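If you want the building blocks of each chain, they are given just below.
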Amino acid sequence: MEKPLSDKVALVTGSGRGIGREIALRLADDGATIIVHYASSKAGADDTVAEIEARGGTAFAYRADIAKRAEVADLFRAIDRMPGHLDIVVNNAGISGGGKLADLKDAQVETIVGVNMLGPLYVASEAASRLRDNGRIINFSSSLAKYPMAGDGLYSAAKRAVESFTESWARELGARGITVNTVIPGATSPGMMDNSSAHRAFFENASPFKRIGKAGEIAAVIAFLASPEASWVSGAQILANGAANT
Ligand SMILES: NC(=O)c1ccc[n+]([C@@H]2O[C@H](COP(=O)([O-])OP(=O)(O)OC[C@H]3O[C@@H](n4cnc5c(N)ncnc54)[C@H](OP(=O)(O)O)[C@@H]3O)[C@@H](O)[C@H]2O)c1
């Protein structure tokens, strides 16, 4: 049976670990060739590639710090040398934390804004002219953007910015059939949630399901948005947080 993403090429940023790894595996299972992007997790990225190949798929690993525009440009020059054309971009990479707003050091501001806001902007900007018609850009926010908490204010603000420019992208690229959407996960594992065991019970109780989300459940949402069936969903914000109020 034909797979929904046969003949498609998908870039998944930050797919050496966490939610990104699950997305890469899922899109590969759906037939896409995967560009497994990483920044520091080379071993994880190689492992994601190996797992995709073991399942009969095709994948390549590339490194870039997405907060640095020149490195993102290099990443796309490397993609240009690959066979095929880019169809799907999943702007998954992100970094949590920061601390109380008044205490943030310049380097923290640069990193939180750089990775969570400027990185997705740089990646989508390089992708826009390369994506084939009817392509897909899927950006990542967080339920912490909807329900900001003390200690994560800049992360929340950066994610809100992503939600906002995603709507602009959707209007700028719609004439070519390209959809651009934001997925808003709640607390999810494996992922950055695993770094903060103190918060885990809080987030489990915040959902009527009394658990946190599974990375595979986020990957399933991405798989739908990446599929041809999602051609009329664009500029949307899709909350996947088990009805939690945080
Ligand atoms: N897990 C959750 O509870 C949760 C909730 C809401 C939203 N989210 C969002 O979901 C997305 C995935 O999060 P996750 O939980 O899977 O996080 P994670 O396990 O901490 O993984 C973060 C990913 O981002 C990449 N990354 C970090 N800094 C980077 C940089 N400078 N350049 C390029 N890549 C960089 C990392 O790559 P390397 O390891 O290679 O450095 C890693 O693959 C993020 O956008 C996050 O904000 C997660």
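Check the entry above for the structure.
Residues numbered from 1 in each chain as written. Predicted model: local features only at pLDDT ≥ 70, side-chain atom pairs only at ≥ 80, totals over all residues. Heavy atoms only, no water.

## Concerning the packing of aromatic side chains
Our working rule: For Phe, Tyr and Trp, where Trp contributes only its six-membered ring, two rings pair if their centres lie within 6.5 Å, and the inter-plane angle classes them as stacked under 30 degrees, edge-to-face over 60, or tilted in between. Type-normalised accessible area, obtained with a 1.4 Å probe on protein chains alone, sets the label of each residue: buried when under 20%, exposed when over 50%, and partly exposed for intermediate values.
The tally for this structure, following the rule as stated, stands at one aromatic pair. Aromatic pair phenylalanine 202 and phenylalanine 203: ring centres 5.2 Å apart, planes at 80 degrees, arrangement edge-to-face. You can call phenylalanine 202 partly exposed: its relative accessible area is 40%.

## So, the environment of serine 164
The condition is simple: Segments assigned H or I by DSSP are reported as helices when at least four residues long, segments assigned E as strands when at least two residues long, and all are numbered from the N terminus.
Note that serine 164 resides in helix H6 (residues 153-173). For serine 164, a relative accessible area of 46% translates into the label partly exposed. Distance in space between the C-alpha atoms of serine 164 and glutamine 237 is 9.7 Å, their sequence separation being 73 residues.

## Quick word on helix H4 (residues 106-128)
We count it as follows: Helix span, as expected, comes to 1.5 Å for every residue beyond the first. Bend is computed residue by residue as the angle between axes fitted to the seven residues ending at the residue and the seven residues starting at it. Any two residues whose heavy atoms approach within 4.5 Å at even a single point are treated as in contact.
A rise of 1.5 Å per residue sets the reference length of H4, with its 23 residues, at 33 Å; its end C-alpha atoms lie 30 Å apart and thus fit the reference within 8%. A maximum bend of about 45 degrees is found in H4 at glycine 114. The complete set of buried residues in H4 reads Ile112, Gly114, Val115, Asn116, Gly119, Pro120, Tyr122, Val123, Ala124, Glu126, Ala127 and Ala128. At its buried positions, H4 is contacted by strand S1 (9-12), helix H3 (69-80), strand S4 (88-91), strand S5 (136-140) and H6.

## A short note on the site of the ligand
Note the cut-off: When at least one non-hydrogen atom of a residue lies within 4 Å of a molecule or strand, that residue is treated as near it. Polar contact is defined as a pair of N or O atoms within 3.5 Å, subject to the rule that within protein one atom must be able to donate a hydrogen and the other to accept it, and that residues adjacent in sequence are counted only when both atoms are side-chain atoms. Only the protein chains shown count as covering a residue, and every accessible area follows the Shrake-Rupley method with a 1.4 Å probe. Lys, Arg, Asp and Glu make up the charged group, whereas Ala, Val, Leu, Ile, Met, Phe, Trp, Tyr, Cys and Pro make up the nonpolar group; the residues left over, Gly among them, are polar.
What surrounds the ligand is a group of 28 residues, the closest being Arg17, Ser40, Ser41, Tyr155 and Met192. Between the ligand and methionine 192, the relevant distance is 2.6 Å, taken from an oxygen atom to a main-chain nitrogen or oxygen of the residue. For the ligand, whose unbound accessible area comes to 890 Å², protein coverage reaches 94%. If you list the elements that add at least two residues to the shell around the ligand, you get helix H1 (18-29), strand S2 (33-38) and H6. Classifying every residue of the shell around the ligand gives 13 nonpolar, twelve polar and three charged.

## Description of the packing of H1 against helix H8 (residues 215-226)
Going by this rule: Axis geometry follows a simple rule: fit a line to the C-alpha atoms, using only the stretch in contact for helices, then measure angles between N-to-C directions, giving values from 0 to 180 degrees. Should an angle lie under 35 degrees it is considered roughly parallel, over 145 roughly antiparallel, and from 65 to 115 roughly perpendicular; all remaining angles are considered oblique. Throughout, a crossing is termed right-handed when the near helix is turned clockwise from the far one, and left-handed when it is turned anticlockwise from it by less than a right angle.
Running from N to C, H1 and H8 cross one another at 50 degrees; their axes reach a closest spacing of 8 Å. Classified by the interaxial angle, the pair formed by H1 and H8 is oblique. As H1 runs across H8, the sense of the crossing is right-handed. Where H1 approaches H8, its residues Ile19, Glu22, Ile23, Arg26 and Leu27 are matched on the opposing element by Ala215, Gly216, Ile218, Ala219, Ala220, Ile222, Ala223 and Ala226. Across the contact of H1 with H8, the residue classes break down as ten nonpolar, one polar and two charged.

## Focus on the nonpolar core
Selection criterion: In these notes, a set of buried Ala, Val, Leu, Ile, Met, Phe, Trp, Tyr and Cys residues joined through side-chain atoms within 4.5 Å is what counts as a nonpolar core.
Ranked by size, the top nonpolar core spans 30 residues in total, and within it Ile23, Leu27, Ile34, Ile52, Val90 and Ile222 carry the most contacts. When residues in this core are grouped by element, the largest group, eight residues, is from H8. The next biggest cluster of nonpolar side chains, apart from the first, holds 28 residues, and it includes Ile35, Tyr122, Ala128 and Phe165.

## As for unusual backbone geometry
The step from serine 189 to proline 190 runs through a cis peptide bond, and the omega angle for that step is -5 degrees. Relative to the helices and strands, proline 190 is located in the loop between strand S7 (188-189) and helix H7 (197-206). Look at asparagine 134: it is not a glycine, yet its phi comes out positive at around 70 degrees. Mapped onto the elements of the fold, asparagine 134 is located in the loop between H4 and S5. For alanine 243, which is not glycine, the phi dihedral falls at a positive 60 degrees. Structurally, the position occupied by alanine 243 is in the segment after strand S9 (237-240). The exposure class assigned to alanine 243 is exposed, which follows from its relative accessible area of 57%.

## Concerning H8
Taking 1.5 Å of rise per residue, the twelve residues of H8 would be expected to cover 16 Å, and the 16 Å separating its terminal C-alpha atoms lies within 8% of that figure. Listing the buried residues of H8 in full gives Ala215, Ile218, Ala219, Val221, Ile222, Ala223, Leu225 and Ala226.

## Some thoughts on the pattern of salt bridges
Worth spelling out the cut-off: Whenever Lys or Arg places a side-chain nitrogen within 4 Å of a carboxyl oxygen from Asp or Glu, that contact is recorded as a salt bridge.
Counted according to the given criterion, the structure contains 16 salt bridges. Among the salt bridges present, the one from glutamate 71 reaches arginine 63, with a minimum N-O distance of 2.7 Å. The salt bridge partner of lysine 68 is aspartate 65, with a shortest N-O separation of 3.5 Å. Residue classification places lysine 68 among the partly exposed residues on the basis of a relative accessible area of 44%. Salt bridges here are not isolated pairs; linked through shared partners, they connect Asp29, Glu51 and Arg55.

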